[in-house]
Amino acid sequence: LLIYMQVLKQNVAVYASEESRKMTLSEKYQLSENIRVLRLLLPVVISHTSITIAGAAGFFYFELAGFEKELYPIFEDTINMVYLQGIALPLIFFFRHRSLIRSKRLMLNRIFTTNMSTGEDLITVYDRAITRGW
């Protein structure tokens, strides 16, 4: 997690520095895409790391507390928190990208209303766009 955050910070720093002005367009685009993907996957990395650490802490507590070995299979099924990823990740992405979902919904509404418009409505919209452009 620390290395991931360091790579993200370093890429952002390089992108904002004078060094990025010397890059070719394709290098600068690749750097911006790297930053975009790192930011996109940050919730995945954080949730996966925290769930894994919780499982490891539970295992060490199990070992240190000296539970009976017969209970180990039950404990193993309980501490296997991989299913939490299936619950946590969709919720993280849903809450993080609410504005994107809303904007797509608005865009779809505009498309549907455009497809159901009459010729006069389309001419009015076209005239407004032309007039605004002048």
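Now for a quick tour of the structure. As the structure is a computational prediction, the values presented were derived from the model and not from experiment.

### Details of the side chain of Asn11
Among the secondary structure elements, Asn11 is positioned in helix α1 (residues 2-16). Look at Asn11 and you get buried, because its relative accessible area is 16%. Setting aside residues up to four positions removed in sequence, Asn11 forms contacts with Leu31, Asn34, Ile35 and Leu38.

### Some words on the nonpolar core
By size, the foremost hydrophobic cluster in this structure holds 6 residues: Tyr4, Leu8, Leu31, Ile35, Leu38 and Leu42. Among the secondary structure elements, those contributing two or more residues to this core are α1 and α2 (25-65). Ranked by residues supplied to this core, first place goes to α2 with 4 residues. In contact with Leu8, not counting residues within four places along its chain, are Ile35, Leu38 and Arg39.

### As for the side chain of Ser47
One can find Ser47 in helix α2. Non-local contacts of Ser47, meaning those with residues more than four positions away in its chain, are made with Gln85, Leu89 and Ile92.

### Side note on the pattern of salt bridges
Per the counting criterion, the structure on display carries 2 salt bridges. Among the ionic pairs, Glu18 bridges to Arg21, the shortest N-O distance being 3.9 Å. In this structure Arg21 comes out as exposed when scored by relative accessible area, which is 66%.

### Comments concerning the packing of α1 against α2
Relative to each other, α1 and α2 sit at 150°, their axes nearing to 10 Å. If you check the angle between α1 and α2, you find them roughly antiparallel. Taken as a pair, α1 and α2 cross one another with a handedness that is left-handed. Here Tyr4, Met5, Val7, Leu8, Asn11, Val12, Val14 and Tyr15 of α1 come into contact with α2, specifically with Lys28, Leu31, Ser32, Asn34, Ile35, Val37, Leu38, Arg39, Leu41, Leu42 and Val45. Looking at the contact of α1 with α2 residue by residue, the classes come out as 14 nonpolar, 3 polar and 2 charged.

The rules behind the values
Residues numbered from 1 in each chain as written. Predicted model: local features only at pLDDT ≥ 70, side-chain atom pairs only at ≥ 80, totals over all residues. Heavy atoms only, no water. Helix = DSSP H or I, 4+ residues; strand = E, 2+ residues; numbered from the N terminus. Buried < 20%, exposed > 50% of the residue type's maximum accessible area, 1.4 Å probe, protein only. Contact = heavy atoms within 4.5 Å. Core = buried A, V, L, I, M, F, W, Y, C linked by side-chain atoms within 4.5 Å. Salt bridge = Lys/Arg side-chain N within 4 Å of Asp/Glu carboxyl O. Axes fitted to C-alpha atoms, helices over the stretch in contact; angles between N-to-C directions. Parallel < 35°, antiparallel > 145°, perpendicular 65-115°, else oblique. Left-handed = near helix turned anticlockwise from the far one by under 90°. Nonpolar A, V, L, I, M, F, W, Y, C, P; charged D, E, K, R; others polar.

Any link to function would need more than the numbers given here.
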